[in-house]
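# Remarks on the overall topology
The chain contents come next:
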Amino acid sequence: MCGENSSSLAPGFFVLNGIPGLEAAHTWIALPFCFMYITAVLGNGGLIYLISHEEALHRPMYYFLALLSFTDVTLCTTTVPNMLCIFWFNLKEIHFNACLAQMFFVHMLTGMESGVLMLMALDRYVAICHPLRYSTILTNPVITKAGLATFLRSVLLILPFTFLTKRLPYCRSNFIPHTYCDHMSVAKVSYGNFKVNAIYGLMVALLIGVFDICCISMSYTMILRAVVSLSSADARHKAFSTCTSHICAIAITYVPAFFTFFAHRFGGHNIPHHIHIIVANIYLLLPPTMNPIVYGVKTKQIREGVIKFLLGDRLSLPKTNES
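Just so you know, these numbers come straight off a predicted model, no measurement behind them.

How each quantity is defined
- Residues numbered from 1 in each chain as written.
- Predicted model: local features only at pLDDT ≥ 70, side-chain atom pairs only at ≥ 80, totals over all residues.
- Heavy atoms only, no water.
- Disulfide = S-S within 2.5 Å.
- Helix = DSSP H or I, 4+ residues; strand = E, 2+ residues; numbered from the N terminus.
- Buried < 20%, exposed > 50% of the residue type's maximum accessible area, 1.4 Å probe, protein only.
- Salt bridge = Lys/Arg side-chain N within 4 Å of Asp/Glu carboxyl O.
- pLDDT = per-residue confidence, 0-100.
- Contact = heavy atoms within 4.5 Å.
- Phe/Tyr/Trp six-rings, centres within 6.5 Å; stacked < 30°, edge-to-face > 60°.
- Patch = residues over 30% accessible without salt bridge, like charges linked within 9 Å, V, L, I, M, F, W, Y side chains within 5 Å.
- Areas by Shrake-Rupley, 256 points an atom, 1.4 Å probe, with all protein chains shown as cover.

Right, let's talk about the state of the cysteines for a bit. Tallying each qualifying case throughout the model produces 1 disulfide. Disulfide pairing places Cys99 opposite Cys181 at an S-S distance of 2.0 Å. As the torsion about the S-S bond is roughly -120°, the Cys99-Cys181 disulfide counts as left-handed. One end of the pair, Cys99, is in helix H4 (residues 96–129); the other, Cys181, is in the loop between strand E3 (173–176) and helix H7 (183–187), and 82 residues separate them in sequence. Residue class for Cys181 comes out buried when judged on its relative accessible area of 0%. Here Cys129 is not cross-linked by a disulfide; its sulfur's nearest cysteine counterpart is in Cys243, at 9.0 Å.

Set out below in structure tokens:
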């Protein structure tokens, strides 16, 4: 707590303590995080390169996947290098403005990731329920506008976090029990009233997370109805197979997100704090790490694209819309 004579101006820096209670194991904890980060950068960078250079992958589904990969690799890059500096070199100080910038990008990019998953669900709905109109509905201008709208939604909803957090009074030096600057973790170290921050954070979670999940659920409900109505078992299997990668990506993203959200608000006294921090880091690292692997394994066109890249022009990819 700050004393009465402490300055209420913004502090020069924050101190990120890493994972409280596990300081002695920081060096070893950093190893899997580092491995996941390298895998995420290589996997997502490879996907973006493959989609941009392989003509057979110039389809709406893969454009959205490239956008997801770019969002994922940017998200983990905003946190992991700084996290590794904390774990390996004990470089815990972060400038106040740099902390606010990191906080903005973390939440903006997680909102962007959720929005892209929602757009990918709508893409699968159009591909399966309106296959003859697929190319006329999801044109390049429509895809560009949808991506831009998702980006602007995240920016406009997350930007107030920065101002709401900056207005709070702090001591000159503040210790944050976290590995990165999370919105509520920063707000809670102030000695002011952060109730507005908590309420607005909940509103943003509802406006982004709940809205996207509802759209995804509606899309897959209509997809399921359309697939069940198909008379051919092979057609049903093919239709379902085009969605498996996306369903896996949804599970990888939202399961740790829900755990973090509900545990933070309803299980704070029952779950150790270091578990909160570890799951929060997994929430940021798991989707970027696993999504390229899932799509590489589950999507035939991407597998063939990788083989063609490795073998040169000896393999031609069929120009198909479906995975």
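The rest of the description comes next.
Another point: the pattern of salt bridges. If you walk through the whole model with that rule in mind, you get 3 salt bridges. A salt bridge links Lys308 to Glu54; the shortest N-O distance between them is 3.5 Å. Remark: Glu54 occurs in the loop between helix H1 (26–53) and helix H2 (60–77) and Lys308 occurs in helix H11 (residues 300–311); sequence separation between them is 254 residues. Note on Glu54: relative accessible area 11%, which makes it buried. Between Asp123 and Arg124 there is a salt bridge, and its shortest N-O distance comes to 2.9 Å. We note that Asp123, like Arg124, is buried.

What follows concerns the confidence of the model for the chain. Chain-level statistics for the chain give a pLDDT mean of 87 and a share of 90% at 70 or above. For the chain, the element scoring lowest by mean pLDDT is helix H9 (residues 233–266), at 79; helix H6 (residues 140–166) scores highest, at 96. A low-confidence stretch, residues 4–8 (pLDDT under 50), is modelled with 8 contacts involving residues beyond four sequence positions or located in other chains.

Using the criterion set out here, one finds 6 aromatic pairs in the structure. A centroid spacing of 6.3 Å and a plane angle of 25° characterise the contact between Phe33 and Phe87, whose relative ring orientation is stacked. You can see Phe33 sitting in helix H1 and its partner Phe87 sitting in helix H3 (residues 80–89), a full 54 residues away along the chain. Of the two residues, Phe33 and Phe87, both sit in the buried class.

In this section: a nonpolar patch on the surface. On the surface, Tyr49, Val306, Ile307, Phe309, Leu310 and Leu311 cluster together into a nonpolar patch covering about 590 Å² of accessible area. Ranked by residue count, the leading element in the nonpolar patch is H11, at 5 residues. Assignment of secondary structure puts Val306 in helix H11. Residue Val306 is classed as partly exposed on the basis of its relative accessible area of 39%.

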